[in-house]
Structures are given as C-alpha cells and as structure tokens.
Amino acid sequence: MGIVSWIILGLLAGVIAKILLPGRDSGGLIGSTFIGVAGAFVGGWISVRLFDRPVTKEFFDLATWGAAISGSLILLSCYRMLSGNSRY
C-alpha cells in the first residue's frame, strides 16, 4: 500500500476508534482522525516488528485494518491519559 492508502486507512481507523471510545476530546472528531492516521502507521509498525506479521499490499486485508484500528485505539487512549481527559 502506498502512503495515500495508509492515510485514507488511518482516517477511517480514527473514526472507528472514536466510535469505539466515545468521549470528549480536545480535538474532537477531526483530532481523532489525525490520531487515527498516526495510529495506522503505529499499528502497521507493531504488526511488523512485534508480531512478525507483514502488512500486505491489499487495502481490504482484515489484518491490516485490525492493526490500523488497534494502533488508533492505543494512541487515542494514550492521548486521553496524557491530556487528562476522561471518557465522560
């Protein structure tokens, strides 16, 4: 996948992460989608480095989506812990 595909995947993963972790964030939905873009890259890196699962070149691969959404959830949770915002 190219960089544009990862950005699109990250935007969608950020929206999904925001739906799975509702609450007030200082960035709102737009901030969460940008965290999702970073989370997609982090999830892909974790998938390759820690789990030895290479990211495929297909956009609709379930493992790639899982890695991107997981990375987005991790970064969104870390962002909330560091910024002091709770779930409610």
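Keep in mind that what you see is a predicted model, and the values were worked out from it rather than measured.

Parameters at a glance
- Residues numbered from 1 in each chain as written.
- Predicted model: local features only at pLDDT ≥ 70, side-chain atom pairs only at ≥ 80, totals over all residues.
- Heavy atoms only, no water.
- pLDDT = per-residue confidence, 0-100.
- Helix = DSSP H or I, 4+ residues; strand = E, 2+ residues; numbered from the N terminus.
- Axes fitted to C-alpha atoms, helices over the stretch in contact; angles between N-to-C directions.
- Parallel < 35°, antiparallel > 145°, perpendicular 65-115°, else oblique.
- Left-handed = near helix turned anticlockwise from the far one by under 90°.
- Contact = heavy atoms within 4.5 Å.
- Nonpolar A, V, L, I, M, F, W, Y, C, P; charged D, E, K, R; others polar.

K.L.:
How should the confidence of the model for the protein be read in this particular structure?
P.N.:
For residues with low pLDDT, the predicted coordinates do not support detailed interpretation. Residue-level pLDDT values for the protein average 76, and 82% of them are 70 or greater. No element of the protein has a lower mean pLDDT than helix α2 (residues 28–49), at 77, and none a higher one than helix α3 (residues 62–83), at 82.

K.L.:
When you look at the packing of helix α1 (residues 3–20) against α3 in this model, what are you seeing that I'm missing?
P.N.:
The angle between the axes and the distance between the axes are what describe a pair of packed helices. Axis separation between α1 and α3 bottoms out at 8 Å; the angle between their running directions is 55°. Considered as vectors, α1 and α3 are oriented oblique to each other. Relative to α3, the crossing made by α1 is right-handed. Contacts between α1 and α3 involve W6, L9, L12, A13, G14, I16, A17, K18 and L20 from the first element and T64, W65, A68, I69, S72, L73, L76 and R80 from the second. The residue makeup of the contact of α1 with α3, split by class, is 12 nonpolar, three polar and two charged.

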